[in-house]
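# Examination of the molecular architecture
So you can see what is in the structure, the chains are spelled out below.
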Amino acid sequence: SQQGEEDPQALSIQEGENATMNCSYKTSINNLQWYRQNSGRGLVHLILIRSNEREKHSGRLRVTLDTSKKSSSLLITASRAADTASYFCATDAGGGATNKLIFGTGTLLAVQP
Amino acid sequence: ETGVTQSPTHLIKTRGQQVTLRCSSQSGHNTVSWYQQALGQGPQFIFQYYREEENGRGNFPPRFSGLQFPNYSSELNVNALELDDSALYLCASSPDDMGSYEQYFGPGTRLTVT
């Protein structure tokens, strides 16, 4: 079963605009990661935020984490057509030897040139 | 490029048959995880191997099994295929450094069961 849900399910914006995706999860976590997937291919790791962090930046990406609300958001600034992809959040509950990721349902982002 | 490869790219099998999917991890990555991604869904964790031993399993029946070899290659075997096994199967490797939680995914094998 999925850990949680992402919102919106799909998002269409113009090049240059910002895109915001939200992720909710159900259980306590060690860290939360965002991955990108192009056209049903492999996932590419974008950014990781630990449970004791509230905000993290990487290039045009900004991630926030609110553990009290069990939610995270991914902001992509100044979007480009090449950002068109599906974006997934994944939580790692830690607490054991297994580095098991539990993924959300994903947001499909379309950036129109 | 993540340095993780999978074969084959696509596969069509008949219900009841058996299938073996292969993955080659990054050199030095002793942990490999397998995920099943149904159409329109996020990946679901099948199991993980560390140094050739199963190291955790998701909610999948025993007909899903795996092997990991010392040369950083691994296999996912599925017996008695069912129509619902049709999905993209992803392997992901990760380094031994337990402070690094990022996983490196392969491009996936798309399995269709008819």
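In what follows, the structure referred to is the one given above.
What comes next concerns the included structure. (Residues numbered from 1 in each chain as written. Chains lettered and ligands numbered in written order. Predicted model: local features only at pLDDT ≥ 70, side-chain atom pairs only at ≥ 80, totals over all residues. Heavy atoms only, no water.)

Looking now at the overall build of chain B. Tallying secondary structure elements over chain B gives 0 helices and 11 strands in all. Helices and strands in chain B line up, N terminus first, as β-β-β-β-β-β-β-β-β-β-β. With the principal axes as the frame, chain B shows a C-alpha extent of 40 × 25 × 25 Å. For chain B, the residues scored as buried account for 49% of the 114 residues in total. Within chain B, contacts between residues at least 6 apart in sequence are counted, and of these 54% link residues at least 24 apart. A total accessible area of about 5300 Å² is found for chain B, and carbon and sulfur atoms account for 48% of it. Computing the positive centroid from 7 side-chain charges and the negative centroid from 11, chain B places the two 10 Å apart. (Helix = DSSP H or I, 4+ residues; strand = E, 2+ residues; numbered from the N terminus. Buried < 20%, exposed > 50% of the residue type's maximum accessible area, 1.4 Å probe, protein only. Contact = heavy atoms within 4.5 Å. Areas by Shrake-Rupley, 256 points an atom, 1.4 Å probe, with all protein chains shown as cover. Lys, Arg positive; Asp, Glu negative; His and termini not counted. Charge placed at Lys NZ, Arg CZ, Asp CG, Glu CD.)

This paragraph deals with the sheet that holds strand β7 (residues 64-68) of chain B. Residues and elements named next belong to chain B. Strand order in the open sheet made by the 4 strands is β1-β3-β8-β7, with antiparallel pairing throughout. Only two strands of the sheet have a single neighbouring strand rather than two, namely β1 (5-7) and β7. Averaged over all neighbouring strand pairs, the angle between strand axes comes to 20°, with direction disregarded. Alignment of β1 against strand β3 (residues 19-24), held across 3 bridges, turns out to be antiparallel. Within β3, the position partnered with Ser7 by the bridge is Arg22. (Pairing = 2+ DSSP bridges. Axes fitted to C-alpha atoms, helices over the stretch in contact; angles between N-to-C directions.)

The next subject is the interface of chain A and chain B. Many analyses report the size of an interface as the accessible area lost when the parts associate. Between chain A and chain B, the contact holds 24 residues from the first and 25 residues from the second. Each partner contributes to the roughly 2000 Å² buried at the junction of chain A and chain B, and carbon and sulfur atoms together form 48% of this total. Put simply, chain A and chain B have 0 salt bridges between them. At the boundary of chain A and chain B, one finds 4 residue pairs in polar contact (both at pLDDT 80 or more). Going through the elements one at a time, β4 (31-37), β5 (43-50), β9 (85-92) and β10 (101-103) of chain A are the ones with two or more residues in the side of chain A that touches chain B. The residue inventory of the side of chain A that touches chain B, partitioned by class, reads 7 nonpolar, 13 polar and 4 charged. (Buried area = accessible area lost by both parts, 1.4 Å probe. Salt bridge = Lys/Arg side-chain N within 4 Å of Asp/Glu carboxyl O. Polar contact = N/O pair within 3.5 Å; in protein donor to acceptor, adjacent residues only side chain to side chain. Nonpolar A, V, L, I, M, F, W, Y, C, P; charged D, E, K, R; others polar.)

This part is about the pairing of strand β4 (residues 31-37) of chain B. Residues and elements named next belong to chain B. The buried count for β4 comes to 7 of 7 residues, which makes it a mostly enclosed element. Neither face of β4 is exposed, since Thr31, Ser33, Tyr35 and Gln37 on one face and Val32, Trp34 and Gln36 on the opposite face are all buried. Where β4 lies against strand β5 (residues 44-50), 6 bridges are found, and the strand directions are antiparallel. Across the sheet, the residue bridging to Gln36 is Gln44, located in β5. If you look at the hairpin formed by β4 and β5, you'll find 6 residues sitting between the two strands, and Gly40 has a positive phi there, around 80°. Across 7 bridges, β4 lies against strand β9 (residues 87-94) in antiparallel orientation. Bridge pairing in β9 places Gln37 opposite Leu88.

Time to look at the state of the cysteines. Residue and element names in this part refer to chain B. In this structure the tally under the stated criterion is 2 disulfides over all chains. Disulfide pairing is shown between Cys23 and Cys91; the S-S distance is 2.0 Å. Disulfide Cys23-Cys91: torsion about the S-S bond near 75°, hence right-handed. In this pair, Cys23 sits in strand β3 while Cys91 sits in strand β9, placing the two residues 68 residues apart along the sequence. Exposure remark for Cys91: the relative accessible area of 0% places this residue in the buried category. (Disulfide = S-S within 2.5 Å.)

Note that every value here comes from positions in space, so none of it alone points to a role or purpose.
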